[in-house]
Amino acid sequence: MQKNVTEATNQNSLTLDEMSSLEIVQTMNQEDHAIDPGVKQALPAIAAAIDLIVKKWHHGARVFVIGAGTSGRLGVLDAAELGPTFSVKEDRWIGLIAGGKEAMWKPLEQHEDSGIDVVTELKSYELNQADVLIGLSASGSTPYVLSALQFGRKIGAVTISISCNPETDASAVSDIPIEVVVGAEVIRGSTRLKAGTAQKMVLNMLSTGTMVRLGKVFQNQMVDVQPINQKLVQRAVDTLMDLTAMTEPEARKLYQQCGQELKVAILVAMTDTDIEKAQAYLKQSDGHLKQAMNRLM
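This paragraph deals with the packing of aromatic side chains. Per the counting criterion, the structure on display carries two aromatic pairs. Here Trp57 and Trp93 contribute two aromatic rings whose centre-to-centre distance is 6.1 Å and whose plane-to-plane angle is 45 degrees, an arrangement assigned as tilted. Of this pair, Trp57 sits in helix α3 (residues 43–57) while Trp93 sits in strand β2 (residues 93–97), and the two are 36 residues apart along the sequence. Grouping residues by exposure puts Trp57 and Trp93 together as buried. Here the aromatic rings of Phe64 and Tyr125 are separated by 5.3 Å at their centres, their planes lie at 75 degrees, and the arrangement is edge-to-face. Here the residue Phe64 occupies a position in strand β1 (residues 63–67), and Tyr125 occupies one in the loop between α5 (116–124) and β3 (132–136), the gap between them amounting to 61 residues.

Structure, rendered in C-alpha cells:
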C-alpha cells in the first residue's frame, strides 16, 4: 500500500487558523522550501523521461498529458503554451483533464473517479504504441490517471507518471515514475499548494527540455516561435537583431522575406547563405538550427 504523504497533517501549520496574514504567508513560504529538494531528487528520472520523449518524437509520437483537478489544469496549461512558444502542433502534445474542457473553469472533481471516460477519450485519439502518455496525480492513486496509465501500458505506449508520494500506484504502472515528494501541505490534503507547484516545475522541465533537445531553442533563444500576434513577431525580430548585427528595419525585412521563419532568417544572416539553401539545410537537420549551421560553416 502506498504512503499518502500528501494527506498527512503538517505539524508546522497546526495553528494556521490563529495566525496573522504575515504569519500565514511566512509559514507557506517556509514550507515551499521543501519543493526544491523534492524536485532535485527526481531530476534523473525527469531527464530519462525527456530522452525517451525525444526518441519517440522523432518517430512521430504524440504526447498525452493526463490529470484531474489541479494536476489536469496544469497539464492542459503546459500543453496549450507549446504552440505559440515552440510551434508545436495541437495534435502532437495534448492535455486531457477529467471532466473535459469545462473542468478547466469549473470544479468537476467527481470525474476523477471515472476510469472509463479517459480510456474512451484515448481510444478516440487512437492512442497507440508509438505515443507517450504522462499521468499527473499528486496522490499517485487517482482512478482517472491510473486507468489512463494502465491502458497506455496495455497497448504498448510509453508511460510516465508524476506524483508527490513515494511508491505510488501510478509509479507501479509507469515505464518512468517521477516521484516528487514535498511533504504534507500547509492545509491538509490541499495539493494545489506544494504538490501543484512541484508538478508545474516538472512539467516545465519535461516540455522545455524536450523542445531544447528537438532544436527549438538556439543558445537560450526561442527560434521556433509562432508569429500569431504583434508581441511574438517583435520577439522574433528582436531575436534576429540580438544574434546578428542587423538593425531593426533590416531584421524585420529579412524575417518577412523568409516567410516569418525565424530559423531560416537566422541561418541566412549568420552564414551568408540564401533562403533556399538555408531551408534545405534545416530540413536535412530535422529543423535543428545549430546542426544546420555547423553543416554550412
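Now, onward.
Turning our eyes to something else, we now look at the packing of helix α11 (residues 262–271) against helix α12 (residues 275–284). Direction vectors running N to C along α11 and α12 enclose 115 degrees, while the axes themselves pass 9 Å from each other. Crossing geometry of α11 relative to α12 is assigned as right-handed. In this structure, α11 contributes Lys263, Val264, Leu267 and Val268 to the contact, and α12 contributes Ile275, Ala278, Gln279, Tyr281 and Leu282. A class-by-class count of the residues in the contact of α11 with α12 yields seven nonpolar, one polar and one charged.

All right, on to the sheet that holds β3 then. Taken in spatial order, the five strands of this open sheet run β2-β1-β3-β4-β5, and their pairing is parallel. The open sheet has two edge strands, β2 and β5 (176–179), and neither has a second partner. Direction aside, the axes of adjacent strands within the sheet are offset by 15 degrees on average. Relative to β2, helix α4 (residues 69–86) is tilted by about 155 degrees, and along the sheet it contacts β1, β2 and β3.

Space inside the largest pocket adds up to approximately 600 Å³. For the largest pocket, the lining is made up of 21 residues, of which Lys216, Asp224, Lys263, Asp286 and Gly287 are closest to its centre. Within the residue set of the lining of the largest pocket, elements represented by two or more residues are α11 and α12. A per-element tally of the lining of the largest pocket places α11 first, with three residues. Counted by class, the lining of the largest pocket contains nine nonpolar, four polar and eight charged residues. Looking at the second largest pocket, its volume works out to about 490 Å³. Surrounding the second largest pocket, 19 residues form its lining, Val76, Ala80, Ile94, Gly95 and Lys101 being those nearest its centre. Going through the elements one at a time, α4 and β2 are the ones with two or more residues in the lining of the second largest pocket. Considered class by class, the residues forming the lining of the second largest pocket number twelve nonpolar, three polar and four charged.

We now examine the environment of Asn12. Locating Asn12 in the fold gives a position in the segment before α1 (21–32). Owing to a relative accessible area of 54%, Asn12 belongs among the exposed residues under this scheme. When the C-alpha positions of Asn12 and Lys123 are compared, they lie 45 Å apart, and in sequence the two are 111 residues distant. Setting aside anything within four residues of it in sequence, one finds Asn12 in contact with Met19, Thr27 and Glu31. Of the polar contacts made by the side chain of Asn12, one reaches the side chain of Glu31; its length is 2.9 Å.

Further remarks concern the pairing of strand β4 (residues 158–163). Most of β4 is tucked away, with six of its six residues classed as buried. Burial of the side chains of β4 extends over both faces: Val158, Ile160 and Ile162 are buried on one face and Thr159, Ser161 and Ser163 on the other. Inspection of the sheet shows β3 paired to β4 by five bridges, in the parallel sense. Residue pairing in the sheet places Val132 in a bridge with Val158 of β4. In the classification by handedness, the crossover that spans β3, the intervening helix α6 (residues 143–155) and the parallel β4 is right-handed. Pairing geometry for β4 and β5, over four bridges, is parallel. Considered in β5, the bridge of Ile160 is made with Ile176.

The next point concerns helix α8 (residues 194–213). In this model, α8 (20 residues) spans 28 Å end to end at C-alpha, consistent with the 28 Å of a helix rising 1.5 Å per residue. Along α8, the residues that are buried comprise Lys194, Ala195, Gly196, Ala198, Gln199, Val202, Leu203, Leu206, Ser207, Gly209, Thr210 and Met211. Downstream of α8 by one or two residues, Gly215 has phi in the positive range, about 85 degrees.

Turning our eyes to something else, we now look at the environment of Ser207. Take Ser207: it is sitting in helix α8. Separated by 128 residues in sequence, Ser207 and Ala79 have C-alpha atoms that sit 8.3 Å apart. What Ser207 contacts, discounting residues up to four positions off in sequence, is Asp78, Leu82 and Trp93. For Ser207, the side chain forms a polar contact with the side chain of Asp78, separated by 3.0 Å.

The rules behind these values
Residues numbered from 1 in each chain as written. Predicted model: local features only at pLDDT ≥ 70, side-chain atom pairs only at ≥ 80, totals over all residues. Heavy atoms only, no water. Phe/Tyr/Trp six-rings, centres within 6.5 Å; stacked < 30°, edge-to-face > 60°. Helix = DSSP H or I, 4+ residues; strand = E, 2+ residues; numbered from the N terminus. Buried < 20%, exposed > 50% of the residue type's maximum accessible area, 1.4 Å probe, protein only. Axes fitted to C-alpha atoms, helices over the stretch in contact; angles between N-to-C directions. Left-handed = near helix turned anticlockwise from the far one by under 90°. Contact = heavy atoms within 4.5 Å. Nonpolar A, V, L, I, M, F, W, Y, C, P; charged D, E, K, R; others polar. Pairing = 2+ DSSP bridges. 1 Å grid on protein atoms, 1.4 Å probe; cavity = no way out; pocket = protein on both sides within 12 Å on 5 of 7 lines; lining within 4 Å. Points joined across faces, edges and corners; volume = space filled by probe spheres on them. Polar contact = N/O pair within 3.5 Å; in protein donor to acceptor, adjacent residues only side chain to side chain. Right-handed = clockwise from strand over helix to strand, strands pointing away. Expected span 1.5 Å × (residues − 1).

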